[in-house]
Protein chains: 2
Amino acid sequence: MQAVDYLAVAEKAMQQIKKGAFLTVKAGNSLNTMAIGWATIGYCWRKPIFMIAVRDSRHTFGIIEKATDFTVSIPSGNMHAQVMYCGTKSGRDVDKFKECSLVPFDAQKVTSPILDIAGLHVECNIIYKSAMDPHFLDIGCDAAIYPEKDYHTLYFGDILACYER
Amino acid sequence: MQAVDYLAVAEKAMQQIKKGAFLTVKAGNSLNTMAIGWATIGYCWRKPIFMIAVRDSRHTFGIIEKATDFTVSIPSGNMHAQVMYCGTKSGRDVDKFKECSLVPFDAQKVTSPILDIAGLHVECNIIYKSAMDPHFLDIGCDAAIYPEKDYHTLYFGDILACYER
């Protein structure tokens, strides 16, 4: 019996995402990018699926609720400073692109841009979304992750493109 | 710019699951296994997460709704015949374990058994679940996957053990 780290199977994407990636969303004239550390990847509804989560309190939430797609840019290099900045500052208060020298770059298949950084880029069409219902959430997880009761909405993206650049 | 197949990042688990895996659930004296071909894997709520989906019409649905955990056994060899049988027959009508010569085997961390087959086994505690709301589902996906309107409930498992045997 050989132990297998589950992460080994999704290592490339998931280990990098845990270090911090950028979720970028555009709807109309509204554009924002935020740091994410959580995602799942797989296959569902006969499609390749990339799931991300956005708290209802986030500036990005107001944008992604009006959007049809999103991108995730997973840096191959060390972008810890920018990840921390984008994870603690709100697009309501600052221009994260300017402050972090992050440049939007046209995506191949979706309206939301990717970031012009070296790394793995995933372009997704939102195929399903689900606002979390705490009634069905583990009590310990609820207490640990949601002391402010600002739950996530889960967005399931149909992966239309995935590439390194 | 180098194209990357998203599946390459989760290849081991996801490519095997697409060929068919077994979801096994026990609650009280009720036990069933069913074939699954969809799952996502990743990291969320500070935990390694394995998401599976069960249609409300399935015999397994009545069991997993009372269960606290589930296992997924992903065969390394060719079990196409058993996958097909378990994917088309209901545990309401037949004893799938007997008919397919599938033997439950005690899991390491959860109540639900794994199957005694060669492959990758994942043991999960259900940390969150969400019944699908078609209002938030892509219309084309709804028409293609749910002509009978028997939607899935999504179960998010905290991965407590993952190993080959």
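Since we're looking at a predicted model, the values are computed, not measured.

Chemist: Describe the packing of aromatic side chains, and please don't skip the residues or the numbers.
Modeler: Counted according to the given criterion, the structure contains 8 aromatic pairs over all chains. Taking the centre distance of 4.6 Å and the plane angle of 40° together, the rings of Tyr 146 of chain A and Tyr 151 of chain A count as tilted. There is no split in this pair, since Tyr 146 of chain A and Tyr 151 of chain A are both buried. Arranged with centres 5.4 Å apart and planes meeting at 90°, the rings of Trp 45 of chain B and Phe 156 of chain B form a pair that is edge-to-face. Residue Trp 45 of chain B is located in the loop between β4 (39–44) and β5 (47–55), and its partner Phe 156 of chain B is located in strand β10 (residues 152–164); the two are separated by 111 residues in the primary sequence. The class of Phe 156 of chain B is buried, set by a relative accessible area of 0%.

Chemist: Account for the nonpolar core, with residues named and values stated.
Modeler: The nonpolar side chains of soluble globular proteins are, as a tendency, buried together. Counting 52 residues, the largest nonpolar core has Phe 50, Ile 52 and Phe 70 of chain A together with Phe 50, Ile 52 and Phe 70 of chain B as its most contacted members. In this structure, Tyr 43, Trp 45, Ala 53 and Met 132 of chain B belong to the second largest nonpolar core, which totals 34 residues.

Chemist: Residue-level account of the side chain of Thr 153 of chain A, with values.
Modeler: All names here are of chain A. Its location among the elements puts Thr 153 in strand β10 (residues 152–164). Here Thr 153 falls in the buried class, since its relative accessible area comes to 3%. Polar contacts involving the side chain of Thr 153 include one to the side chain of Asp 56, which spans 3.3 Å. Leaving out residues up to four positions away in the same chain, Thr 153 has contacts with Ile 52, Ala 53, Val 54, Asp 56, Phe 61, Glu 65, Lys 129, Ser 130, Ala 131 and Met 132.

Chemist: Now, about the pairing of β4 of chain B: what can you tell me, with residues and values included?
Modeler: The element β4 of chain B is largely enclosed, with a buried count of 6 among its 6 residues. Alternating positions in β4 of chain B separate into two faces, Ala 39, Ile 41 and Tyr 43 of chain B on one and Thr 40, Gly 42 and Cys 44 of chain B on the other, with burial throughout. Of the pairings in the sheet, the one linking strand β4 (residues 39–44) of chain A to β4 of chain B comprises 5 bridges and is antiparallel in character. Counted as the bridge partner of Tyr 43 of chain A is Ala 39 of chain B from β4 of chain B.

Calculation criteria
Residues numbered from 1 in each chain as written. Chains lettered and ligands numbered in written order. Predicted model: local features only at pLDDT ≥ 70, side-chain atom pairs only at ≥ 80, totals over all residues. Heavy atoms only, no water. Phe/Tyr/Trp six-rings, centres within 6.5 Å; stacked < 30°, edge-to-face > 60°. Buried < 20%, exposed > 50% of the residue type's maximum accessible area, 1.4 Å probe, protein only. Helix = DSSP H or I, 4+ residues; strand = E, 2+ residues; numbered from the N terminus. Core = buried A, V, L, I, M, F, W, Y, C linked by side-chain atoms within 4.5 Å. Polar contact = N/O pair within 3.5 Å; in protein donor to acceptor, adjacent residues only side chain to side chain. Contact = heavy atoms within 4.5 Å. Pairing = 2+ DSSP bridges.

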